[in-house]
Amino acid sequence: MVDGADRAVGRGVVGADGLAFGSASGSAQPRRSESATPPAEATANKPAGQRWYRRERAEGRLGSDPHPSTHRGRAGRGGRRAGEPDAGLWFRLVDRDRRLLVLLAEHKVLTTNQIAAIEFLSVRRAQDRLRHLRELGMVFAFRESYLRGGTSQTRFALGYLGARVIAAQRAEKPPSPKAYTESLERLALWPKLDHQLGVNDFFCALAARRNPARLREAGRSDEVSGLTQWWSEHRCTEFFWKYLGGGRDARLRPDGYGCWEEHGRTVRFFLEHDTGTESLAKVTNKLDDYAAFPTGAFGVLLFSVHSARREHALRVALRRALPGGDPGFVIATAARDGNTFRNTDGPAGPVWGLWTPAGGDSVPRRHRLAELPQRGPSVAHRASNASQPLNEAAFDSNDREMSRLINTPQPEPAHPAGYGDDDDDLDDMTLYDDTDDDDVYRVPTDLARPGAKRPLRTRWAA
């Protein structure tokens, strides 16, 4: 049994929890605050680990003080308090960064080379800036490891803070951290990742012509020709299917939709990017959806395939799927394994072979993208800004004229004179003399003057 004197002595000991009790006489001392500095002798007698624990515990409690001292300001030892937003994060970004974040939000993933091609003068400069954006949490980077060693090129997606910034810019609810982390994990293991990178490679090769850094270096900052519209598969589905065509039988889901302007000509196109993983029967079955849709009123259909052998097989399959019949829209094919595709102007160069019902399975003549028949609505250019990069020629989803074009049956498009014959009969005059040229938007003449300097050529990566 412990007597009262022993209990009094016990109360005079400073406990490990930092509470100071009274003396042996029983007189009570004021209770010491945990955040207050302990007596020097008590601190000296404590082990170093115990002193560290007490200090961290006290400093951690300071961050949750409901009445913080004014001299500390908003930031403590670790910067902002937990949950406090960084309102200045958007203003630490330049327009180039903002365009990149919007493109990542729209097209999911881009490689270092693709980003360098459309925004930077060199890959090295792109790597340095992307490293900074990654440290800020704006982008998320990942690689794929190969079984025989080595890794793929770095892929970049929109980071969580980048997603919050884009959501704030669009007045949308930001994603939760857990849900967004899961979406990034799914993206890294997405079975269609290589296909998506191939589609983005196609459009980035076209967008490289409008690289702002290269245009400034060449003194052509005001040029608007090149790729003036780039829609992802998701955007195409929303516009052509769900928003305006949801009640139709056609379920149009192209891999992308774009608009190419060069030397006064405007060619809008749907892209089908083929990697050889689908059967040709499945590829040609997509023609039914394009035939049930007013495709000719919005552009030509491009098939980009991985090899010349695949292109020949595709043209044979097209002839069998459409025996002697006109699909009602223009079809062109190209193979990505040719030297012409890689070493000239990429998909903008003379790589496209027009397919005609009466034509052969081979391609005797190739045409530039701008030489293809002009199809699509006439749309005035929007002002270029960082919130909608590469979409100056895009049409508004609320435009009633666009709704009328989709929901009204369209007559068969008038082909140029000689179209439908052999490719040998398609000369330059024929291709530049479309009957519907008057209904197509033209680039201002000062942007397509005959003496204008040609843009720098960019290498197209297969």
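Residues numbered from 1 in each chain as written. Predicted model: local features only at pLDDT ≥ 70, side-chain atom pairs only at ≥ 80, totals over all residues. Heavy atoms only, no water.

Draft legend 1. The arrangement of the overall build of the protein in detail. Helices and strands together make up the secondary structure of the protein, namely 16 helices and nine strands. In the protein, which comprises 462 residues, the share counted as buried stands at 44%. A total accessible area of about 24700 Å² is found for the protein, and carbon and sulfur atoms account for 50% of it. (Helix = DSSP H or I, 4+ residues; strand = E, 2+ residues; numbered from the N terminus. Buried < 20%, exposed > 50% of the residue type's maximum accessible area, 1.4 Å probe, protein only. Areas by Shrake-Rupley, 256 points an atom, 1.4 Å probe, with all protein chains shown as cover.)

Draft legend 2. Inspection of the packing of helix α5 (residues 112-119) against helix α6 (residues 123-136) at higher detail. Contact geometry of α5 with α6 gives a least axis separation of 9 Å together with a crossing angle of 110 degrees. Taken together, α5 and α6 sit at an angle that is classed as roughly perpendicular. Between α5 and α6, the contacting residues are Thr112, Asn113, Ile115 and Ala116 on the first element and Val123, Ala126, Gln127 and Leu130 on the second. (Axes fitted to C-alpha atoms, helices over the stretch in contact; angles between N-to-C directions. Parallel < 35°, antiparallel > 145°, perpendicular 65-115°, else oblique. Contact = heavy atoms within 4.5 Å.)

Draft legend 3. Main features of the sheet that holds strand β5 (residues 256-262). The six strands are arranged β4-β5-β6-β7-β8-β9 in an open sheet whose pairing can be described as mixed. The strands lining the two open edges of the sheet, one partner per strand, are β4 (226-232) and β9 (353-355). The mean inter-strand angle of the sheet, taken between neighbouring strand axes irrespective of direction, is 30 degrees. Pairing of β5 with strand β6 (residues 265-273) involves seven bridges; the strand directions are antiparallel. Residue pairing for β6: Gly258 is matched across the bridge by Phe269. Most of the contacts of helix α12 (residues 280-292) go to strand β7 (residues 300-305), to which it runs at about 165 degrees, and overall it touches β6, β7 and β8 (331-335). (Pairing = 2+ DSSP bridges.)

Draft legend 4. A look at the environment of Thr111. Relative to the assigned elements, Thr111 resides in strand β1 (residues 110-111). The sequence separation of Thr111 and Arg143 amounts to 32 residues, and the corresponding C-alpha distance is 9.8 Å. If we ignore the near neighbours within four places in the chain, the residues touching Thr111 are Gln153, Thr154, Arg155 and Leu197.

Draft legend 5. Summary view of the pairing of strand β3 (residues 155-158). Relative to β3, β1 is paired through two bridges, and the arrangement is antiparallel. Paired with Thr111 across the strands is Arg155, a residue of β3. The pairing of strand β2 (residues 139-142) with β3 spans four bridges and is antiparallel. The residue of β3 that forms the bridge with Ala141 is Phe156.

Draft legend 6. Molecular detail of the pairing of β8. With respect to burial, β8 is a largely interior element, five of its five residues being buried. Here β8 shows no split at all, with Ile331, Thr333 and Ala335 on one side and Ala332 and Ala334 on the other all buried. With five bridges connecting them, β7 and β8 associate as parallel partners. Residue Phe303 lies in a different strand from β8, and its bridge partner there is Thr333. Tracing the backbone out of β7, into helix α13 (residues 308-321) and back to the parallel element β8 gives a crossover that is right-handed. (Right-handed = clockwise from strand over helix to strand, strands pointing away.)

Draft legend 7. Structural context of the packing of aromatic side chains. Applying the stated criterion across every chain yields a total of 23 aromatic pairs. An aromatic cluster is present here, built from Trp231, Phe239, Phe240, Tyr257, Phe270, Tyr290, Phe293, Phe298, Phe329 and Phe395 joined pairwise through their rings. (Phe/Tyr/Trp six-rings, centres within 6.5 Å; stacked < 30°, edge-to-face > 60°.)

Draft legend 8. How the structure looks around the nonpolar core. In this structure, Met138, Phe269, Leu302, Trp352 and Leu372 are the most contacted members of the largest nonpolar core, which totals 58 residues. Per-element accounting of this core gives the leading share, eight residues, to helix α9 (residues 193-207). Apart from the residues within four sequence positions on either side, Met138 is in contact with Leu89, Leu93, Leu101, Leu133, Leu158, Gly159, Leu161, Gly162 and Val165. Counting 29 residues, the second largest nonpolar core, distinct from the first, contains Leu301, Val379, Ala394 and Leu405. (Core = buried A, V, L, I, M, F, W, Y, C linked by side-chain atoms within 4.5 Å.)

Draft legend 9. Molecular detail of the pattern of salt bridges. Enumeration according to the criterion identifies 19 salt bridges in this entry. Between Arg99 and Glu119 there is a salt bridge, with the nearest N and O atoms lying 2.8 Å from each other. In this pair, Arg99 sits in helix α4 (residues 95-107) while Glu119 sits in helix α5, placing the two residues 20 residues apart along the sequence. Note on Glu119: relative accessible area 8%, which makes it buried. For Arg368, the salt bridge is made with Glu262, and the minimal N-O distance between the two is 3.2 Å. (Salt bridge = Lys/Arg side-chain N within 4 Å of Asp/Glu carboxyl O.)

Draft legend 10. Just unusual backbone geometry, in detail. Positive phi values are uncommon outside glycine, yet Ala171 reaches one of about 60 degrees. Its place among the elements puts Ala171 in the loop between α7 (160-169) and α8 (177-188). Here Ala171 falls in the exposed class, since its relative accessible area comes to 73%. At Leu390, a position not held by glycine, the phi torsion is positive, near 60 degrees. Relative to the assigned elements, Leu390 resides in the loop between β9 and α15 (400-407).

Draft legend 11. Here's a closer look at the sheet that holds β2. Strand order across the open sheet formed by three strands is β1-β3-β2, with antiparallel pairing between neighbours. Every interior strand has two partners, whereas the edge strands, β1 and β2, have only one. Across the sheet, α4 lies against β1, β2 and β3, angled at about 90 degrees from β3, the strand it touches most.

Draft legend 12. Just the confidence of the model for the protein, in detail. Mean pLDDT over the protein stands at 76; residues scoring 70 or higher make up 67%. Every residue in residues 1-38 is under pLDDT 50, and counting partners more than four places away or in other chains gives 31 contacts. For residues 51-78, every residue scores under 50 in pLDDT, and the model assigns this stretch 22 contacts once sequence neighbours within four places are set aside. (pLDDT = per-residue confidence, 0-100.)

Draft legend 13. Summary view of the side chain of Thr228. Inspection of the secondary structure puts Thr228 in strand β4. Residue classification places Thr228 among the buried residues on the basis of a relative accessible area of 0%. What Thr228 contacts, discounting residues up to four positions off in sequence, is Arg210, Cys259, Glu261, His381, Leu390, Asn391, Glu392, Ala393 and Ala394.

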